[in-house]
Amino acid sequence: MPPQLKLNAVAFVSPQNHPILIRTFAQGQDELKYHYIAHTSLDVIDERIAAALASKSTDCYLNLLYTMEDVAVYGYITPLKVKIIIALALTDSVVRDADVITIFRALHTAYRQAVANPFLKVNAPIDGYNDHATLLQAGNSKWRAFRKRVDDIGKAVGAVGSAT
């Protein structure tokens, strides 16, 4: 039986490096810690993107970015340059890339479905650039379904407790 992964946090970051959504699932953990992890991951992601461009790679999965204390941080970049970052609890078992890629694809699908909904962009500013951060404010009630999908994915992966 494969080891059960424990998802501690998920972060969606816009192409302009604005946080779109940061959800934490770890009970008793400081939410600020996962904001820090998401922001420090952006430097590593930029390095991986530069290396991928040099080697002409088209893979969206950026592999393990780094480990810190009790979490392993993985990265993914969508074709529209939205960065998805997950923090998994460190365990002694091997984490298969196929399992992590499955999590990222589910999260990407949730994001894609949320952005594709034409009714949610009614109050969107028309400013000529494609930054969804203003549209996907974490407290915005219009994006409740997106946050619920992310929470459902977290529960399916093995997150314990409720999301904050």
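Every value quoted in this text rests on a predicted model; they were computed, and no experiment measured them. (Residues numbered from 1 in each chain as written. Predicted model: local features only at pLDDT ≥ 70, side-chain atom pairs only at ≥ 80, totals over all residues. Heavy atoms only, no water.)

Remarks on the pairing of strand β2 (residues 19–24)
Reasoning step 1: Most of β2 sits inside the fold, with 5 of its 6 residues counted as buried.
Reasoning step 2: As consecutive antiparallel partners, strand β1 (residues 7–13) and β2 are separated by 5 residues, and within that stretch N17 has a phi angle of approximately 65°, a positive value. (Buried < 20%, exposed > 50% of the residue type's maximum accessible area, 1.4 Å probe, protein only. Helix = DSSP H or I, 4+ residues; strand = E, 2+ residues; numbered from the N terminus. Pairing = 2+ DSSP bridges.)

Thoughts on the sheet that holds β1
Reasoning step 1: Here we have 5 strands laid out as an open sheet, ordered β2-β1-β5-β4-β3, and antiparallel in their pairing. Only two strands of the sheet have a single partner each, and these edge strands are β2 and β3 (61–68). The mean angle between the axes of side-by-side strands here comes to 15°, regardless of whether they run parallel or antiparallel.
Reasoning step 2: With 7 bridges joining them, strand β4 (residues 71–77) and strand β5 (residues 83–89) adopt antiparallel strand pairing. Counterpart to V71 in the pairing with β5 is A89.
Reasoning step 3: The strands touched by helix α2 (residues 97–116) within the sheet are β1, β2, β3, β4 and β5, with β5 carrying the most contacts at an inclination of about 135°.
Reasoning step 4: Each of β1 and β2 touches helix α3 (residues 144–157); the most contacted strand, β2, lies at about 40° to it. (Axes fitted to C-alpha atoms, helices over the stretch in contact; angles between N-to-C directions. Contact = heavy atoms within 4.5 Å.)

A closer look at the nonpolar core
Reasoning step 1: Residues F12, I86, L107 and F146 are the most contacted members of the largest nonpolar core, which totals 28 residues.
Reasoning step 2: Setting aside residues no more than four positions away along its own chain, L107 makes contact with V10, F12, I84, I86, V150 and I153.
Reasoning step 3: Among the nonpolar cores identified, the runner-up in size contains 21 residues, and A9, A38, L42 and I45 belong to it. (Core = buried A, V, L, I, M, F, W, Y, C linked by side-chain atoms within 4.5 Å.)

Bear in mind that shape data such as this cannot, by itself, settle questions of function.
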